Amino acid sequence: MIIGYVQKYFNCYDCNREGLLSAYNPKVTFSLCLNMSSQCTNRSFRFEDAYYRDNRNLKRLSGRESYHDEKRSKLLHHGKIDTVNLITKLPPTEHDPASFRLDSCYFSTNMIAFSLTGVFKEGKSTDKVRPLRSFYRSFVCVPDPEIQMTIINDQYVISNITGYQYKKYFQQNRRPNDSAQASSEPSTSSNNVVDEQTRMIKQFSTESKLNLEWSKYCLDHAQWNYEQAAKIFMEYKDSIPKEAFLV
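These numbers come from a predicted model, not from an experiment.

Participant: Where do I start with the overall build of the protein in this structure?
Facilitator: Along its length, the protein carries nine helices and seven strands. Looking at the protein as a whole, 42% of its 247 residues qualify as buried. A fraction of 63% describes how many contacts in the protein between residues 6 or more apart in sequence connect residues 24 or more apart.

This is the structure we're talking about:
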């Protein structure tokens, strides 16, 4: 039941978030949190302003205690209209169902609680760069006579992907046709491709002042089209973190 519910929820979340109005209980409480200091983050990629405005990461609050209390309360969204109104303002997403991991399930006659982790691509399908994000959702649901159950508590945590997630969901799935083609070619050809990519990474790093890891990341996104990678770099240069550049 939960698996089917999750699939329908995220299909709707990616395609028609207004349609999620019926998925939420009238008394729902929703919160959004950005985890920007994870020790296992693979690489930082700037979050959209829409995330920061409603970020309820309590570690990021500063100032007087009364301000903390006011901010904590303000960043909690109550009711399904307020909740759906918020999530429709967040950047477009494309979740990868293969990455979903269901955990911490609790069942009773009056409540179902479960958590879910996974990854999603951020941005429209036409965007040149679509950051890969990691997410954690904690849902508490109550029975509903019409649609089986509704969400009465939703805690949403977003962070940059881990190194493991990058290798599994980005590198391995980036160009499956290219991988299949490479496996059928002689090993000498594969070595030539690796040598050429290494040369491109070093050259891109020299010209852009990015470190080798981020240079490879840009070229990966551009499918190893050097001119396209340069255009993407110039367009998104201001959003790249300082630690990505050579000292």
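Participant: What is the right way to look at the nonpolar core in this model?
Facilitator: For soluble globular proteins, the rule of thumb is that nonpolar side chains tend to be buried together. Counting 33 residues, the largest nonpolar core has Tyr9 and Tyr156 as its most contacted members. Within the second largest apolar cluster, 20 residues are counted, among which are Leu132, Tyr166, Phe233 and Ala244.

Participant: Before we go on, may I ask you to explain the pattern of salt bridges in this structure?
Facilitator: Two side chains with opposite charge may pair up if their charged atoms get near one another. Tallied over the entire structure, the rule returns five salt bridges. The partner of Arg137 in a salt bridge is Asp154, with the nearest N and O atoms 2.7 Å apart. Pair noted here: Arg137 is in strand S6 (residues 132-144) and Asp154 is in strand S7 (residues 148-160), with a separation of 17 residues, a long-range link. Relative accessible area serves as the criterion here: at 0%, Arg137 is assigned to the buried category. Judged by its relative accessible area of 0%, Asp154 is buried.

Participant: In this structure, what is going on with helix H1 (residues 2-15)? I would like to understand it.
Facilitator: Given 3.6 residues per helical turn, the α-helix brings residues three or four places apart onto the same face. End to end, H1 covers 20 Å across 14 residues, agreeing with the expected 20 Å (1.5 Å per residue, within 8%). Taken together, the buried positions of H1 are occupied by Ile2, Tyr5, Val6, Tyr9, Phe10, Cys12 and Tyr13. Projected down its long axis, H1 shows its buried positions confined to an angular sector of 160°, all on one face. In this structure, H1 carries Ile3, Lys8 and Cys15 as exposed residues pointing more than 90 degrees from its buried face.

Participant: What exactly am I supposed to notice about the side chain of Asp154 here?
Facilitator: At a separation of 2.7 Å, a polar atom in the side chain of Asp154 contacts the side chain of Arg137. Residues in contact with Asp154, not counting those within four places in the same chain, are Tyr9, Tyr24, Thr29, Phe30, Ser31, Arg137, Ser138 and Phe139.

Participant: So what exactly am I meant to see when it comes to the packing of aromatic side chains here?
Facilitator: To describe a pair of aromatic rings, you give the distance between the ring centres and the angle between the ring planes. Scanning the model with the defined rule gives 15 aromatic pairs in all. Taken together, a centroid distance of 5.9 Å and an interplanar angle of 90° make the contact between Phe100 and Phe135 edge-to-face. Placement of Phe100 in the loop between strand S3 (93-95) and strand S4 (101-107) and of Phe135 in strand S6 is noted, with a sequence separation of 35 residues between them. Each member of the pair Phe100 and Phe135 is classed as buried. Centre to centre, the rings of Phe120 and Phe135 are 6.2 Å apart; their planes meet at 40°, and the pair counts as tilted. Placement of Phe120 in strand S5 (residues 112-122) and of Phe135 in strand S6 is noted, with a sequence separation of 15 residues between them. The two residues Phe120 and Phe135 agree in class, both being buried. Aromatic ring contacts, followed pair by pair, group Tyr9, Phe10, Tyr13, Tyr24, Phe100, Phe114, Phe120, Phe135, Phe139 and Tyr156 into a single cluster. Sitting over the face of the ring of Tyr156, Arg137 holds its NZ or CZ atom 4.1 Å from the ring centroid.

Participant: How do you make sense of unusual backbone geometry when you look at a structure like this?
Facilitator: What is expected of a backbone is that most residues other than glycine have negative phi and most peptide bonds are trans. Positive phi outside glycine occurs at Gln148, with the angle close to 80°. With respect to the helices and strands, Gln148 occurs in strand S7. In this structure, Lys209 takes a positive phi of about 70° despite not being glycine. The residue Lys209 is located in the loop between helix H7 (187-208) and helix H8 (212-221) in this model.

Participant: Is there a simple way to explain the pairing of S6 in this structure?
Facilitator: On a regular strand, each side chain points to the face opposite its neighbour's, so the side chains alternate between the two faces of the sheet. A large share of S6 lies buried, amounting to ten of its 13 residues. As defined by bridge partners, S5 adjoins S6 across ten bridges and the pair is classed as antiparallel. Opposite Ser115, over in S6, you have Ser138 as the bridge partner. Looking at chain direction, S6 and S7 are connected through twelve bridges and run antiparallel. The residue of S7 that forms the bridge with Cys141 is Ile151. Here S6 folds back onto S7 in antiparallel fashion, the turn holding three residues.

Conventions adopted
- Residues numbered from 1 in each chain as written.
- Predicted model: local features only at pLDDT ≥ 70, side-chain atom pairs only at ≥ 80, totals over all residues.
- Heavy atoms only, no water.
- Helix = DSSP H or I, 4+ residues; strand = E, 2+ residues; numbered from the N terminus.
- Buried < 20%, exposed > 50% of the residue type's maximum accessible area, 1.4 Å probe, protein only.
- Contact = heavy atoms within 4.5 Å.
- Core = buried A, V, L, I, M, F, W, Y, C linked by side-chain atoms within 4.5 Å.
- Salt bridge = Lys/Arg side-chain N within 4 Å of Asp/Glu carboxyl O.
- Expected span 1.5 Å × (residues − 1).
- Arc of directions from axis to C-beta.
- Polar contact = N/O pair within 3.5 Å; in protein donor to acceptor, adjacent residues only side chain to side chain.
- Phe/Tyr/Trp six-rings, centres within 6.5 Å; stacked < 30°, edge-to-face > 60°.
- Lys NZ or Arg CZ within 6 Å of the ring centre and 35° of its normal.
- Pairing = 2+ DSSP bridges.

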